[in-house]
Amino acid sequence: MFRYCPACASEMIRFEETRVFRCPDCGFTYYHNTAAATACIVRSDAGILFLVRNREPGKGMLDLPGGFIDPGEGAMEGLRRELIEELGLDFKADDFKLFASFPNKYPYKNILYNTCDLFFYLDAPDLIERDLKPEEAEISGVQFIKAAELDIERIAFESVKKAVKVYLEMAK
Ligand SMILES: [Zn+2]
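What you are looking at is a predicted structure, and each value in this text was computed from that prediction instead of being measured.

A.B. asks: Would you mind showing me how to read the nonpolar core here?
C.D. replies: The tendency in soluble globular proteins is for nonpolar side chains to be buried as a group. Judged by nonpolar contacts, the single largest core of 22 residues is most densely connected at Phe 50, Leu 64, Phe 119, Leu 150 and Val 164. Elements represented by at least two residues in this core include exactly β4 (35-44), β5 (47-53), β8 (97-108) and α2 (158-171). The dominant element in this core, judged by the number of residues it contributes, is α2, at five residues. Apart from residues no more than four positions distant in its own chain, Phe 119 is found in contact with Ala 39, Leu 64, Lys 97, Leu 98, Phe 99, Ala 100, Ser 101, Phe 102, Ser 159, Val 160 and Ala 163. Grouped together as the second largest cluster of nonpolar side chains are 20 residues, Val 42, Ile 69, Leu 79 and Ala 124 included.

In structure tokens, the structure reads:
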């Protein structure tokens, strides 16, 4: 990620262990820490709400609404913002219930982000496709899929697959 030390321009900068950049010449240290991200199972009578991804990684595959938590945000606050941005849905932050968390790896523009994904669920029984305003740059479509009709292999990320399995077991 760094070819030269951003502080002293030395070429000796190295990536150590799993997340530390360190420059032996000037002592510059940068922690590429785990980023926190959220995702939400929104369940309506029509099924679980999935997004079809419009960009890599996982273009054309299913994903849950959510995203990275911004600096200064709490998890539910970040998730609420993502649902407004991605789908035009404004839920109350208190309505999101945490049920699982898994690590994930998210390659984006040649940088690998290790994320800690937090999974929430929310019941919105009356929600239908007409209520949604999908953000076209990120989402090529939305689908409500009932548990019995879901092919888990269409889901883009391992952490999301795991969380959906946990949720379906829990919801039985
Ligand atoms: Zn340096």
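A.B. asks: When you look at the pattern of salt bridges in this model, what are you seeing that I'm missing?
C.D. replies: If the charged atoms of two oppositely charged side chains come close together, the side chains can form a pair. A full pass over the atoms with the stated rule returns twelve salt bridges. Here Glu 85 and Arg 81 are joined by a salt bridge, their closest N and O atoms 3.4 Å apart. Placement of both Glu 85 and Arg 81 in helix α1 (residues 75-87) is noted, with a separation of four residues, approximately one turn of the helix. Exposure remark for Arg 81: the relative accessible area of 17% places this residue in the buried category. Here Glu 153 and Lys 161 are joined by a salt bridge, their closest N and O atoms 3.1 Å apart. The class of Lys 161 is buried, set by a relative accessible area of 9%. If you follow the salt bridges from partner to partner, you end up with Asp 70, Glu 73, Arg 81, Glu 82 and Glu 85 in one network.

A.B. asks: I tried to follow the pairing of β4 on my own but got confused; where do I start?
C.D. replies: A regular strand carries its side chains on alternate faces of the sheet. Among the ten residues of β4, seven are classified as buried, and the element is accordingly described as predominantly covered. Across nine bridges, β4 lies against strand β9 (residues 111-123) in parallel orientation. Residue pairing across strands places Arg 43 opposite Asp 123, the latter belonging to β9. Direction of pairing for β4 relative to β5: antiparallel, over a ladder of two bridges. What sits directly across from Ser 44, in β5, is Gly 47. Between β4 and the antiparallel strand that follows it, β5, lie two residues.

About the cut-offs
- Sequence order sets the numbering: in each chain, residues are counted from 1 along the sequence as written.
- Side-chain atom pairs in this predicted model are given and counted only at pLDDT of 80 or more, local residue features only at pLDDT of at least 70, and totals for whole chains, interfaces and linings cover all residues.
- Heavy atoms from the whole structure form the basis of all side-chain values; hydrogens and water molecules are not counted.
- To form a nonpolar core, buried Ala, Val, Leu, Ile, Met, Phe, Trp, Tyr and Cys residues must be joined to one another through side-chain atoms within 4.5 Å.
- Exposed residues in this analysis have more than 50% of their type's maximum accessible area, buried residues have under 20%, and partly exposed residues fall in between, with area computed by a 1.4 Å probe over protein chains only.
- Segments assigned H or I by DSSP are reported as helices when at least four residues long, segments assigned E as strands when at least two residues long, and all are numbered from the N terminus.
- Here a residue-residue contact requires only that any non-hydrogen atoms of the pair lie within 4.5 Å.
- Any carboxyl oxygen of Asp or Glu within 4 Å of a side-chain nitrogen of Lys or Arg constitutes a salt bridge here.
- A pair of strands is treated as paired once DSSP finds two or more bridges between them.

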